[in-house]
Amino acid sequence: MQQTKSQPRSRPQLVMYGGLIALFALGIAVGLVDEAWLARFATESPWIVIGGCLLLTAFAIAVSAAYMRGIDELAQRAHYIAWYWGGSVGLTLLLFLLVAWPALSQVVDVEALTAPLSRLYGEPGGEFLGGVVASILALTLGYFGWWVVYWLRKT
Amino acid sequence: MKNKLRVLRAERAWSQADLADHLGVSRQTINAIEVGKYDPSLPLAFKIARLFAMSIEQIFQDEDVARAAE
């Protein structure tokens, strides 16, 4: 009988887990910062905030690359499929909202529907930001839903 | 696609996790291949064939061909 031992985690996997934990911790930390202080800091030192956000974006992309290298082909395929179908369906639903909005606004309470985004509307470009958040939500929900279904069906 | 992975693994008394470790993939991937829910990539199929010292065709069989042979 031939026995095997579990292989130690590879370097990309260690980078992946470390990066994911760091991103999660950063997200929690930003959420705990006082919103008014954050808004004041962004007004007083915009370039520091923009630079910090760019660094965070680059870090998130690097962690994503390490994550994709660290998982196996079935897990990678689940992400590809979920991004294509989940993302496409999410975008198509947004397109439906865009086209059908005048009619929808006659039959649904538009203010209630957009209430979670309306707090952005006081900001400069707030309505655009509301659209950005709605797009991210639609893509992420579509992606996540598709990923869960694919993964449960395959494993 | 049909395959003999479960049989080959059983002959060696390997668990799915053992085989996964040999191939550098997850246990879920081995399970999905064994039950025919996932067809491996060509590089992984070659890796499996090398591990069992067989050709890919000896391990994996196209279902249409298998049905025609029956």
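Residues numbered from 1 in each chain as written. Chains lettered and ligands numbered in written order. Predicted model: local features only at pLDDT ≥ 70, side-chain atom pairs only at ≥ 80, totals over all residues. Heavy atoms only, no water.

*Asks:* How should the overall build of chain B be read in this particular structure?
*Replies:* Assigned secondary structure in chain B consists of six helices and two strands. Its C-alpha radius of gyration of 12 Å places chain B within 12% of the 11 Å reference for a compact globule of 70 residues. For chain B, the C-alpha atoms occupy an extent of roughly 35 × 25 × 20 Å along the three principal directions. Within chain B, contacts between residues separated by at least 24 positions form 54% of all contacts whose residues are at least 6 apart in sequence. Taken as a whole, chain B presents about 3900 Å² of accessible surface, with 53% of it coming from carbon and sulfur. For chain B, the separation between the mean place of its 10 positive charges and that of its 10 negative charges on side chains is 4 Å. (Helix = DSSP H or I, 4+ residues; strand = E, 2+ residues; numbered from the N terminus. Rg over C-alpha atoms; globule rule 2.2 N^0.38 Å. Contact = heavy atoms within 4.5 Å. Areas by Shrake-Rupley, 256 points an atom, 1.4 Å probe, with all protein chains shown as cover. Lys, Arg positive; Asp, Glu negative; His and termini not counted. Charge placed at Lys NZ, Arg CZ, Asp CG, Glu CD.)

*Asks:* Looking at this structure, how should I read the overall build of chain A?
*Replies:* Looking only at helices and strands, one finds seven helices and zero strands in chain A. The order of helices and strands in chain A, counted from the N terminus, is α-α-α-α-α-α-α. Of all 155 residues assigned to chain A, the portion counted as buried reaches 20%. Pairs at least 24 apart in sequence give 68% of the contacts found in chain A among residues at least 6 apart. Within the structure as shown, chain A displays about 11400 Å² of accessible surface, and the carbon and sulfur contribution to it stands at 71%. Here chain A contributes 9 positively and 9 negatively charged side chains, and the mean placements of these two sets differ by 23 Å. (Buried < 20%, exposed > 50% of the residue type's maximum accessible area, 1.4 Å probe, protein only.)

*Asks:* Mind showing me how you'd approach the layout of surface pockets here?
*Replies:* Any empty space left between the atoms is revealed when a probe the size of a water molecule rolls over them. Residue and element names in this part refer to chain A. Computed from the structure, the second largest pocket encloses a volume of approximately 600 Å³. Surrounding the second largest pocket, 18 residues form its lining, Val30, Leu38, Ala39, Ala42 and Val49 being those nearest its centre. Elements with a contribution of two residues or more to the lining of the second largest pocket: helix H1 (11-32), helix H2 (35-44) and helix H3 (46-70). Counting residues per element, the lining of the second largest pocket draws most heavily on H2, at six residues. Its residues assigned to classes, the lining of the second largest pocket comprises 14 nonpolar, one polar and three charged. A domain-level breakdown of the lining of the second largest pocket finds at least three residues from each of domain 1 (8-71) and domain 2 (73-155). (1 Å grid on protein atoms, 1.4 Å probe; cavity = no way out; pocket = protein on both sides within 12 Å on 5 of 7 lines; lining within 4 Å. Points joined across faces, edges and corners; volume = space filled by probe spheres on them. Nonpolar A, V, L, I, M, F, W, Y, C, P; charged D, E, K, R; others polar. Domains from an automatic or database assignment.)

*Asks:* Is there a simple way to think about the packing of helix H2 (residues 16-23) of chain B against helix H3 (residues 27-34) of chain B in this case?
*Replies:* All names here are of chain B. H3 packs onto H2 with a crossing angle of 105° between their chain directions and a minimal axis gap of 8 Å. The pairing of H2 with H3 is recorded here as roughly perpendicular in orientation. Between H2 and H3, the residues in contact are Gln16, Ala17, Leu19, Ala20 and Leu23 and Arg27, Ile30, Asn31 and Glu34, respectively. Grouping the constituent residues of the contact of H2 with H3 by class yields five nonpolar, two polar and two charged. (Axes fitted to C-alpha atoms, helices over the stretch in contact; angles between N-to-C directions. Parallel < 35°, antiparallel > 145°, perpendicular 65-115°, else oblique.)

*Asks:* Before we go on, may I ask you to explain the packing of H2 of chain B against helix H4 (residues 42-51) of chain B in this structure?
*Replies:* Packed helix pairs are characterised by how far apart their axes lie and by the angle those axes make with each other. Residue and element names in this part refer to chain B. Where H2 contacts H4, the axes come no closer than 10 Å and their chain directions differ by 110°. Taken together, the axes of H2 and H4 are roughly perpendicular relative to one another. Of H4, the residues touching H2 (which contributes Leu19, His22 and Leu23) are Leu44, Lys47, Ile48 and Leu51. Among the residues forming the contact of H2 with H4, the class breakdown is five nonpolar, one polar and one charged.

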